[in-house]
Amino acid sequence: MSQPAFWFRRSSPISTALLPLAWIWQCGHKLNTILRPRKTIGIPVISVGNLNIGGTGKTPLTISLVQKLIEQGHTPHIVSRGYGGYIDGPVQVNRYLNLVSEVGDEPLLLMEFAPTWVAKNRYKGALEAQKHGASIVILDDGHQNRHLVPSFSIIIVDNLLGFGNERVIPSGPLREPVKSGLARANCILVSKDHQDLSAFAKKLPTLAECPLFCATLKPLAQGLDLNQSKVVAFAGIGNPFKFKRTLIQLGVDLIEFLPLNDHQVPSESLLRRIERKAKRNDALIVTTEKDAVRLSDKWKSRVLTIPVRLEIHDWNELKQLIHHAISSESNLTTN
């Protein structure tokens, strides 16, 4: 969904008028928490989540954690609710058997890095992952899940957007209040470009008691040098302008950039219009990994995918924090 500008203003009549609806949303969230007590399983669970509606970098963080855990000799499985898909699960995602409409786009991307399960009930999904050899579960978008207790919970936030006006949907961009959300978090990972992290922390004193780490999204090195290349780009991720910033960092000659709604499947007519624009300007068509998953095979061969990876700063410190939290459940190595 496209995020209204008043979500990021400290004072807005529209936001204030919507506060009663925000209160109803919060009551519903609290009621679900009371009526559906969460369970634990016999292996560690790391939750990757956020407080905001939309994207803050959860998928790149999940990929980064999986890669680092594999390097340490672990067998991580990912459990996702499969946003946008209709399958309840639990089911292990298979690129040859599953469509985006069944399991959502993110699981089809994540399964390239680790076995990935779609389950509306995360507890049942985690049990299946455990049965099939997982030594640790990564819970994608799991902070507000109502079924499974995480061993360690990471909140990721974009330092440019922060928590907006710090109000709950529809009055603001939050799924729950900052105070209650951070009370269940073990740390915050700030996805940043080049801004100073301490300045971000000062803007939000509620972060003071939660350990802060930072990370930077960087394009994955490829054989093709895009510097000064003419490009027509589109992105339907939580914050499409992050992808625009990535392209600018690569030095492309950006002819046109089309921000789509999060998880939006571009229509055939839109793709043809993009292709005509690219041909007129002798330009490449580029998009994100997540958007590429939604394309048909015909269009995948015509569109260049620009992968990005999240580089976690001070990883050794974060690794020690994770190890300390889950040491009673696992022999997670600190090497």
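Structure's up top.
Residues numbered from 1 in each chain as written. Predicted model: local features only at pLDDT ≥ 70, side-chain atom pairs only at ≥ 80, totals over all residues. Heavy atoms only, no water.

## Regarding the pattern of salt bridges
Move 1: Overall, the coordinates contain 17 salt bridges when judged by the stated rule.
Move 2: The closest approach of N and O atoms between Arg 294 and Asp 291, which form a salt bridge, is 2.6 Å. In this pair, the class of Arg 294 matches that of Asp 291, namely buried.
Move 3: Bridged by salt links that share partners, the residues Arg 81, Asp 141 and Arg 175 form one connected network. (Salt bridge = Lys/Arg side-chain N within 4 Å of Asp/Glu carboxyl O. Buried < 20%, exposed > 50% of the residue type's maximum accessible area, 1.4 Å probe, protein only.)

## Topic: the pairing of strand S2 (residues 76-80)
Move 1: The buried fraction of S2 is high, at five of five residues.
Move 2: When S2 meets strand S5 (residues 136-140), the two strands line up parallel, connected through four bridges. Counterpart to Pro 76 in the pairing with S5 is Ile 136.
Move 3: In this sheet, strand S4 (residues 116-118) lies alongside S2 in parallel orientation, the contact comprising three bridges. Counted as the bridge partner of Ile 78 is Thr 116 from S4. (Helix = DSSP H or I, 4+ residues; strand = E, 2+ residues; numbered from the N terminus. Pairing = 2+ DSSP bridges.)

## Quick notes on the sheet that holds strand S1 (residues 45-49)
Move 1: Pairing is mixed across the open sheet formed by nine strands, whose spatial order is S3-S4-S2-S5-S1-S6-S7-S8-S13. Looking at strand neighbours, the two that pair on one side only are strand S3 (91-92) and strand S13 (308-312), the edges of this open sheet.
Move 2: Both strand S8 (residues 212-219) and S13 contribute to a ladder of five bridges, which runs antiparallel. In the strand pairing of S13, Lys 218 is matched with Arg 309.

## Let's talk about the environment of Ile 188
Move 1: The topology assignment puts Ile 188 in strand S7 (residues 187-191).
Move 2: On the basis of relative accessibility, which here comes to 0%, the residue Ile 188 falls in the buried class.
Move 3: Residues Ile 188 and Lys 242, 54 residues apart in the sequence, show an inter-C-alpha distance of 19 Å.

## A closer look at a nonpolar patch on the surface
Move 1: A surface patch of nonpolar side chains, amounting to about 350 Å² of accessible area, comprises Leu 21, Trp 23 and Ile 24.
Move 2: If you trace the backbone, Ile 24 turns up in helix H2 (residues 19-35). (Patch = residues over 30% accessible without salt bridge, like charges linked within 9 Å, V, L, I, M, F, W, Y side chains within 5 Å. Areas by Shrake-Rupley, 256 points an atom, 1.4 Å probe, with all protein chains shown as cover.)

## Here we look at the sheet that holds strand S11 (residues 284-287)
Move 1: Taken in spatial order, the four strands make up an open sheet running S10-S9-S11-S12, and their pairing is parallel. Two strands bound the open sheet, and with one partner strand each, they are strand S10 (253-259) and strand S12 (304-305).
Move 2: With three bridges joining them, strand S9 (residues 230-235) and S11 adopt parallel strand pairing. Within S11, the position partnered with Ala 233 by the bridge is Val 286.

## A word on unusual backbone geometry
Peptide bonds are, in most cases, trans, and in most cases residues other than glycine have a negative phi.
Move 1: Following Gly 89, the chain continues to Pro 90 via a peptide bond in cis, the omega torsion being 5°.
Move 2: On the secondary structure map, Pro 90 appears in the loop between S2 and S3.
Move 3: In this chain, Ile 169 is followed by Pro 170 through a cis amide linkage whose omega measures 5°.
Move 4: Checked against the element boundaries, Pro 170 lands in the loop between strand S6 (152-158) and helix H7 (178-183).
Move 5: Of note in this structure, His 263 is not a glycine but carries a positive phi near 70°.

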